[in-house]
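# Topology and contacts: notes
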Amino acid sequence: MEAIARGLASLEVLVASEVPGGVLEPAALALVDTLAAVLRGTSTVTETRALTDVLKLMNRAGHGGDPAAERVPEDPATAAQMLLLYEAVAGDAVYAFVDVDRTHARVWAQSRFASASEVDSTVAAFNRVQAPDGVTAELTGALLLFRRMSAYIVESQVRSFALALVAVSLFMALALRSWRLGLLSLVPNVWPLVLTLGLMGWVGWWLQPSTTMVAAIALGIGVDDSVHFLELYRSARARGLERPEA
């Protein structure tokens, strides 16, 4: 399954603590900063914004703009005071990064054009980060939703096609009153699909909702032609014609 997001999408990380003010603890802030860095290091994410970005900038401003002070404060009380100051200046904008009780922090990530394999790689990188005790991290967002929807659509289309192929073969055998002709009808119906899907895989066109529909369309066309051909053949044989003439 290849491209699933034809445009900019987003990923969201929700870091949650079990106690009020827990996301301001050094371990929780380190997790937020690490997850933002991990997402930025993937091929999918182009930009991140997190609570730690705000704290770093405010810490630097509090030290006269010294670049060396652009780091996350180690004292939870200091971090809380910084957020109060930020809230006094920016108002409700602070709630884009943290909630009122300071139990949940958010990391927002913007994505470029993404493929299913790239999204899976991003999720795997996220899952490799271990959260400290008492803190959890959950990955969500539009890009992940698109990935799951695409996978579900492709899987359901593949299952539907397989069931349709079996049903068509069964009804062909019943209609032609011959299980041999029913099995024979599989050849012209399946071979074009094998050839087409094999060629797609060879050139790197992976399955996605639009490409899986090709199989259903080809099956519908092939079945129609097979019915006409095999029924005429059966009728000719019933009239006494030999196989080459029939």
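Chains are numbered independently. Their residues run from 1 in the order of the written sequence. Note on the predicted model: pLDDT of at least 70 is required for a residue's local features to be given, and 80 or more for side-chain atom pairs to be given and counted; whole-chain, interface and lining totals, by contrast, use all residues. Note that the side-chain values use all heavy atoms of the structure and ignore hydrogens as well as water.

Here we come to the pattern of salt bridges. When a carboxyl oxygen of Asp or Glu is within 4 Å of a side-chain nitrogen of Lys or Arg, the pair counts as a salt bridge. By the definition in use, this model includes six salt bridges. E70 is paired through a salt bridge with R60; the nearest N and O atoms lie 2.8 Å apart. Placement of the pair is E70 in the loop between α2 (51–62) and α3 (76–90) and R60 in helix α2, with a sequence separation of 10 residues. For each residue, the accessible area found with a 1.4 Å probe, counting protein chains only, is set against the maximum for its type, and the residue is called buried under 20%, exposed over 50%, and partly exposed in between. On the accessibility criterion, E70 (34% relative accessible area) is partly exposed. A relative accessible area of 29% means that R60 is categorised as partly exposed. Helix and strand assignments come from DSSP, with helices taken as H or I runs of at least 4 residues and strands as E runs of at least 2, each series counted from the N terminus.

The span expected for a helix works out to 1.5 Å for each residue beyond the first. The first and last C-alpha atoms of α2 sit 17 Å apart over 12 residues, in line with the 16 Å expected at 1.5 Å per residue. Residues L51, T52, V54, L55, K56, M58 and N59 constitute the buried set of α2. Residues of α2 that are buried sit in contact with α1 (26–40), β3 (45–50), α3 and β4 (104–111). Backbone geometry just downstream of α2 places G64 in the positive-phi region, at approximately 70°. Contacts between residues were defined by any pair of non-hydrogen atoms, one from each residue, lying within 4.5 Å.

Take the environment of L11 next. Relative to the elements of secondary structure, L11 occurs in strand β2 (residues 9–17). Distance from L11 to L144, taken between C-alpha atoms, is 7.0 Å for residues 133 residues apart in sequence. For L11, the residues in contact, after removing those within four places along its chain, are V45, V107, W108, A109, T122, L139, T140, G141, L143 and L144.

Taken together, the side chains of L145, F146, M149, Y152 and I153 make up a nonpolar region of the molecular surface, amounting to roughly 480 Å² of accessible area. Its place among the elements puts M149 in helix α5 (residues 142–176). Owing to a relative accessible area of 44%, M149 belongs among the partly exposed residues under this scheme. Patch membership requires more than 30% relative accessible area and the absence of a salt bridge. Residues of like charge join within 9 Å; the nonpolar side chains Val, Leu, Ile, Met, Phe, Trp and Tyr join within 5 Å. Computed by Shrake-Rupley with a 1.4 Å probe, the accessible areas treat only the displayed protein chains as cover when residues are assessed.

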